Amino acid sequence: MKRSFYVDNLVCGVYNTSELEHFIGQAKCIMNKGFYNLRCFESNVDCKNVDKHSGDTSVLGIIWNLDNDVPKRCADLEPLTCEVRITIYKRLILSVVQKIFDPIGLLTPTTLLPKLLLQSLWKLKISWDHELPPNCKKEFLAWFKDTSVLKNVNIPRHLKVNISSELHVFVDAAGEHILHASLFDQ
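This is a predicted model, so every value here is computed, not measured.

Enquirer: Residues and numbers for the overall build of the protein, please.
Expert: Of the regular secondary structure elements, the protein holds five helices and seven strands. The linear arrangement of helices and strands in the protein, starting from the amino end, is β-β-α-β-β-β-α-α-α-α-β-β. A total of 186 residues make up the protein; the buried ones form 28% of that total. Here the contacts in the protein between residues at least 6 apart in sequence split such that 49% fall between residues at least 24 apart. Working note: accessible area of the protein is about 13300 Å², and carbon and sulfur atoms make up 55% of it.

What follows is the structure, given as structure tokens:
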């Protein structure tokens, strides 16, 4: 429990319903000692202390489908209006990229292109509210059009590992944050 809090959310897993009931009782007791009211438990199995066990729920800003036990749809961007498509600014690119909420880093490869575009705009010394050059506009709009597929991204929580599987993990320079982890079967 100590390592499973993110701001005010407790996210963890157990192996069966009896372990779940025991965990909920213990967690409530421990948190109650500090005058914290731990409530609103959600699980993908029905249990007497669980408030919700089916449908979609939000876990740390990511949609979790309880029925299929699958996190999904990490990004759902609104379409750009015609007016916005004509006058694209550096401020708009940053705003759109930041709407892709990805606390685990699974969509990091998706956000790389607009971040590189922003980097090149800084090098060109283009201000926040100056209209972008046509080639930059075209590049951003092509990327934005492709983001529609992110609505359908489902991430299996459990990976099947066999003797020929390889796990590739990429971290930042300090080694503090996992940016991307991939499992490949040979």
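Next comes the rest of the description.
Enquirer: Describe unusual backbone geometry, naming the residues involved and giving the relevant values.
Expert: One non-glycine residue, F35, lies in positive phi territory at about 65 degrees. As for its placement among the helices and strands, F35 is situated in the loop between α1 (17-33) and β3 (56-59). Positive phi is not limited to glycine here, since C40 has a value of about 60 degrees. Here C40 lies in the loop between α1 and β3.

Enquirer: Go over α1 with me, naming the residues and quoting the values.
Expert: Taking 1.5 Å per residue, 17 residues should reach 24 Å; α1 reaches 25 Å between its end C-alpha atoms and fits that length. Of the positions making up α1, those classed as buried are L20, F23, I24, A27 and M31. Looking straight down α1, one finds that the buried residues subtend no more than 100 degrees of arc, so they occupy a single side. Residues of α1 that are exposed and point over 90 degrees away from its buried face: S18, H22, N32 and K33. Buried residues in α1 make contact with β1 (5-6) and β2 (9-10). Count one or two residues on from α1 and you reach F35, which has phi positive near 65 degrees.

Enquirer: Outline the confidence of the model for the protein, supporting the account with residue identities and numerical values.
Expert: Per-residue confidence for the protein averages 80 on the pLDDT scale, and 83% of its residues sit at or above 70. Within the protein, the element-level pLDDT minimum falls on strand β7 (residues 178-185), averaging 48, and the maximum on α1, averaging 91.

Enquirer: How would you summarise the pairing of strand β4 (residues 62-65) if you had to cite specific residues and measurements?
Expert: Because side chains alternate across β4, one face comprises the buried residues I62 and W64, and the other comprises I63 and N65, equally buried. Examined bridge by bridge, β3 and β4 share four bridges and lie antiparallel to one another. Bridge pairing in β4 links T57 to W64.

Enquirer: Which residues make up the packing of helix α4 (residues 108-123) against helix α5 (residues 134-146), and what values do they have?
Expert: Two measures define how a pair of helices packs: the angle their axes make with one another and the distance between the axes. One can describe the packing of α4 onto α5 by two numbers: an axis separation of 10 Å at closest approach and a directional angle of 165 degrees. Taken together, the axis directions place α4 and α5 in an arrangement best described as roughly antiparallel. Where α4 crosses over α5, the handedness of that crossing is left-handed. Residues T110, L113, P114, L117 and L121 of α4 lie in contact with α5, whose contacting residues are C136, E139, F140 and W143.

Enquirer: I'd love a proper account of the packing of aromatic side chains, names of residues and values included.
Expert: Throughout the structure, instances matching the rule amount to four aromatic pairs. Ring plane angle 90 degrees and centroid distance 5.5 Å describe the contact between W122 and W128, whose orientation is recorded as edge-to-face. In this structure W128 comes out as partly exposed when scored by relative accessible area, which is 30%. Taking 5.8 Å as the distance between ring centres and 35 degrees as the angle between the ring planes, the aromatic pair formed by F140 and W143 counts as tilted.

Enquirer: Which residues make up the pattern of salt bridges, and what are the values?
Expert: Scanning the model with the defined rule gives two salt bridges in all. Between R91 and D129 there is a salt bridge, with its nearest N and O atoms 2.9 Å apart. Of this pair, R91 sits in helix α3 (residues 90-98) while D129 is found in the loop between α4 and α5, placing the two residues 38 residues apart along the sequence. With relative accessibility at 44%, the residue R91 sits in the partly exposed group. In this structure, the salt-bridge partner of K137 is E131, at a minimum N-O distance of 2.5 Å.

The rules we used
In this numbering scheme, every chain counts its residues from 1 along its sequence in written order. Only residues with pLDDT of at least 70 are given local features in this predicted model, and only at 80 or more are side-chain atom pairs given and counted; all residues enter the totals for whole chains, interfaces and linings. The side-chain numbers reported here are obtained from all heavy atoms of the structure, hydrogens and water having been left aside. What counts as a helix is a DSSP run of H or I of at least four residues, what counts as a strand is a run of E of at least two, and both are numbered from the N terminus. Summary of the burial criterion: residues with accessible area below 20% of their type's maximum are buried, those above 50% are exposed, and those between are partly exposed, where the area comes from a 1.4 Å probe applied to protein chains only. Throughout, a contact is declared for two residues whenever any of their heavy atoms are within 4.5 Å. Working definition of accessibility: Shrake-Rupley area with a 1.4 Å probe, residue cover restricted to the visible protein chains. Expected helix span is computed as 1.5 Å times (number of residues minus one). Throughout, the arc means the angular range of directions from the helix axis out to the C-beta atoms. Every residue carries a pLDDT, the predictor's confidence in it, which falls somewhere between 0 and 100. When DSSP finds at least two bridges between two strands, those strands are taken to pair. Whenever a helix is involved, its axis is fitted only over the stretch in contact; in every case the axis is a line through C-alpha atoms, and angles between N-to-C directions fall within 0 to 180 degrees. If an angle is under 35 degrees, it is roughly parallel; if it is over 145, roughly antiparallel; if it lies from 65 to 115, roughly perpendicular; otherwise it is oblique. Crossing handedness follows the turn of the near helix against the far one: under a right angle anticlockwise gives a left-handed crossing, and clockwise gives a right-handed one. Centres within 6.5 Å are what make two rings of Phe, Tyr or Trp a pair, Trp counting through its six-membered ring; a difference in plane orientation under 30 degrees is then read as stacked, over 60 as edge-to-face, and the rest as tilted. A pairing counts as a salt bridge when a side-chain nitrogen of Lys or Arg comes within 4 Å of a carboxyl oxygen of Asp or Glu.

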